[in-house]
Amino acid sequence: MSTTLEQGNGQLSCGLASNSSVDSEWLKSLNFRTSAPQGLREAASQGNVNDFTSALIECASERRVFKKSERLELLEQLRQLREATQDVEMSGDLATALFEIDLKKAERSGHVEAFIAEHGEEAPDSVSLTDAIWILAIYPTKLESEALFSLWRWTLQKGREWMESKPVCDAEQGFSQLRFLEVCYLMAVSFENLKGSRSLLKETTALIRNCVEEATDSDGTPQAHWVPTLIDSLSSLGRIATFNTAMQQKLINKAFGKRLQGLFERACTYCAQDYFSLSLGESTLDSYRLDAVAAAFQFDKKDGIRRLIQTWQKENQSKAKVGDWSLPEMVHQSDWSQHACMRSNWSSPVDLCLITHEGAMPRIDLVIADHPLLKGDWGHEIGLDGKLLKSNADWACTCWFADDEVNYMELVQEIDASTRVSRQIILLREEHQLVLNHVVVAEKAGEISSRTTLPIRRNWIGEADTTTRELALENAAQRVRIHPLSLPQEHVVKADGKLFLSEQELTFEQHSAGSRLISSIVLDWSPKHLEKPVEWGKLTVAQDGRIETTEQAAAFRFRVGRDQWLLYHSMTEPDVPRSVLGLHTSRETVLSKITSRGEIEPIIEVEM
């Protein structure tokens, strides 16, 4: 085996000697390290297949002998770490030979030989290769000599062909390189006695670490675009870590282990029972697979995070109460990773809002009381003086705040020196409410039209109130009320916009005869609010005794039952503090609770 690494660009390639000659001639063509066991080298140089196979078994026994209980535990972990798509790939008989632990030697050998007879000339896939390597690692003494040699040769030859057929590895491509590096790592360890194996192992180890470092922040937070496929990436890393431990290698040093554990803890914050936020497809979470990753990353069974995952497993969901466990930070935001995670608690039911902003539009994934509600782009179309505003400007998080009562995030898209779009996301953790504000400032515009959309999951049905502009969404177990604060409550009052449901989208259209616009909605799913009367309206804002227009500031009051809130947003910086309903402030945004005695208790205050 020989390896080359082109310095400076992270390109990994691998070459193995192989030809179509008979086994004895093929053996003679192999190049072994001088430190390889003498019996192995001599048998290969003489082309003696029987002696070579005996030497393989002896080498494997000296490195590691697995007891049946160890094999059982290891194979169960591997079974959980397999991705759903792996079961339909061509592994077939190899998967049977690997996972059926009670097969007799002749039966296991028969499955191996049947696979090679059927697929021996085909280009392999990564699953077949890794299954073959695991069989060589776990069952060297549980295969007949001919089957062991055939599998060893097939794996070596086809592994070389598979690696050479792949594009060069670039660590900057992050998690997308893990499947390739998984095969390279297993090959380097399994064929450690061949020349070049140490170089391959060294370079592959470095690239695995570099790929993870490129895709994550220093605390393990993944970049936003890796979140949708994060469970599969964790599974690949889990399989690599499992092989690393089983074969007593040194891939995971202290620093890398800490990074992996941080990544895993971040992944758990995106989970709600059997749901994984922003993932592709149906977003179903396999909590057993997640627990297998935790085991691979060396989390103890008694760690709070593993105990938490076990409450997500179907037979334990009725008991999903979190005890006094040591659990990671559940609320976080990263400018580098371009996303934020807001959640109410670790216990079930949970409210969870994940916001990413690496694309043209922010993406939102909202779970209310364990039920996924919104998922996809929080899109908009903005018109300035009748012309559609187009922009490829990046979104940036300009403000983040989190405490036990509220999570707050503000995103800004600076289109040019006079035009910007802002999004404010406020999760009231104890009240089970989400406030979403959309603000447009266009200094040179005479009028603004705005159309924002929120994607609704398919299992929700919408209902519009007949007398007010309130909307509701329902599924079989949950109901959420939606109040457009920036529109008049009653239908009989003329409005400069409308909130409506269109197929699977919640659409909010609003118009402003000026250079500034704010549209604001409140989603409320609190059980104590579902049947309570609702009231909201626009408030008068004053500065130094002068009434302000919505060009300067806007404020709204909304009440549900006996609970009341005040939302204020400043469009321009005031000369002196503005006043509204007893609040005096020079802040940009204020959300306050109004007590039964009329006192203003700030929940969040954002500086200009």
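Look up a bit, the structure's there.
An account of the accompanying structure is given in this report.

How each quantity is defined
- Residues numbered from 1 in each chain as written.
- Predicted model: local features only at pLDDT ≥ 70, side-chain atom pairs only at ≥ 80, totals over all residues.
- Heavy atoms only, no water.
- Helix = DSSP H or I, 4+ residues; strand = E, 2+ residues; numbered from the N terminus.
- Buried < 20%, exposed > 50% of the residue type's maximum accessible area, 1.4 Å probe, protein only.
- Contact = heavy atoms within 4.5 Å.
- Areas by Shrake-Rupley, 256 points an atom, 1.4 Å probe, with all protein chains shown as cover.
- Lys, Arg positive; Asp, Glu negative; His and termini not counted.
- Charge placed at Lys NZ, Arg CZ, Asp CG, Glu CD.
- Pairing = 2+ DSSP bridges.
- Axes fitted to C-alpha atoms, helices over the stretch in contact; angles between N-to-C directions.
- Core = buried A, V, L, I, M, F, W, Y, C linked by side-chain atoms within 4.5 Å.
- Phe/Tyr/Trp six-rings, centres within 6.5 Å; stacked < 30°, edge-to-face > 60°.
- Lys NZ or Arg CZ within 6 Å of the ring centre and 35° of its normal.
- Parallel < 35°, antiparallel > 145°, perpendicular 65-115°, else oblique.
- Left-handed = near helix turned anticlockwise from the far one by under 90°.
- Nonpolar A, V, L, I, M, F, W, Y, C, P; charged D, E, K, R; others polar.

Next up on the list: the overall build of the protein. Each helix and strand counted, the protein has 14 helices and 31 strands in total. The C-alpha extent of the protein, read off along each of the three principal axes, is 100 × 50 × 40 Å. Taken across its 608 residues, the protein has 55% of its residues classed as buried. Across the protein, contacts joining residues at least 24 apart in sequence account for 62% of those joining residues at least 6 apart. Accessible surface for the protein amounts to roughly 26300 Å². Of this, 45% is attributable to carbon and sulfur atoms. For the protein, the distance from the average position of its 66 positive side-chain charges to the average position of its 89 negative side-chain charges is 3 Å.

Pairing within the open sheet is antiparallel, and its eight strands lie in the order 12-13-14-15-22-19-18-17. Two strands lie at the open edges of the sheet, namely strand 12 (395-402) and strand 17 (461-464), each paired on one side alone. Strand-to-strand twist of the sheet, defined as the mean angle between neighbouring strand axes without regard to direction, takes the value 15°. Pairing geometry for strand 18 (residues 471-474) and strand 19 (residues 479-484), over four bridges, is antiparallel.

What follows covers the nonpolar core. Note on soluble globular proteins: their nonpolar side chains tend to be buried together. The biggest cluster of nonpolar side chains holds 108 residues, and the ones touching the most others in it are Phe52, Leu151, Phe264, Leu290 and Phe297. When residues in this core are grouped by element, the largest group, nine residues, is from helix 9 (residues 178-190). Apart from the residues within four sequence positions on either side, Phe264 is in contact with Leu290, Val293, Ala294, Phe297, Phe299, Ile305 and Ile309. By size, the runner-up hydrophobic cluster in this structure holds 40 residues, among which are Ala340, Ile425, Leu434 and Phe508.

Along strand 27 (residues 563-570), seven of the eight residues are buried, which leaves the element largely enclosed by surrounding structure. One ladder, built from eight bridges, connects strand 26 (residues 553-560) with strand 27; its direction is antiparallel. Within the sheet, the bridge partner assigned to Ala554 lies in strand 27 and is His569. A loop of two residues connects strand 26 with strand 27, the two strands running antiparallel in sequence, and Gly561 in this loop sits at a positive phi of about 60°.

This part takes up the packing of aromatic side chains. For the structure on display, the rule yields 14 aromatic pairs. Between Tyr270 and Phe276, the aromatic rings sit 6.1 Å apart at their centres with planes inclined by 70°, giving edge-to-face as the arrangement. Each member of the pair, Tyr270 together with Phe276, is buried. Clustering of aromatic rings is evident, with ring pairs tying together Trp26, Phe32, Phe52, Phe149, Trp152 and Phe191. Lying over the aromatic face of Trp378, Arg423 brings its terminal NZ or CZ to 4.4 Å of the ring centre. Above the face of the Phe500 ring, Lys498 is positioned so that its terminal group lies 5.0 Å from the ring centre.

With that out of the way, let us pick up the sheet that holds strand 21 (residues 505-512). Strand order in the open sheet formed by five strands is 11-10-16-21-20, and the pairing between neighbours is antiparallel. Single-partner strands in this sheet number two, and they are strand 11 (387-388) and strand 20 (497-502).

Our focus in this paragraph is the packing of helix 2 (residues 38-46) against helix 3 (residues 49-63). Helix packing for two helices is described by the angle between their axes and how far apart those axes are. Following both chains from N to C, one finds helix 2 and helix 3 inclined at 160°, their axes separated by 8 Å at the closest point. With respect to their mutual orientation, helix 2 and helix 3 come out roughly antiparallel. The hand of the helix 2/helix 3 crossing is left-handed. In contact with Gly39, Leu40, Ala43 and Ala44 of helix 2, helix 3 contributes Asp51, Phe52, Ala55, Leu56 and Cys59. Broken down by class, the residue content of the contact of helix 2 with helix 3 amounts to seven nonpolar, one polar and one charged.

Turning to unusual backbone geometry, a few remarks are in order. In the segment running from Ser348 into Pro349, the intervening peptide bond is cis, with an omega of 5°. For Pro349, the position within the fold is in the loop between strand 6 (339-343) and strand 7 (352-356). Even without glycine at this site, Gln273 takes up a positive phi of about 55°. Here Gln273 is to be found in the loop between strand 3 (271-272) and strand 4 (275-276). The phi angle at Ala369 is positive, at roughly 50°, despite the residue not being glycine. When you line up the elements, Ala369 lands in the loop between strand 8 (363-368) and strand 9 (371-377). The exposure class assigned to Ala369 is buried, which follows from its relative accessible area of 16%.

Function cannot be inferred from these measures alone, as they are strictly geometric.
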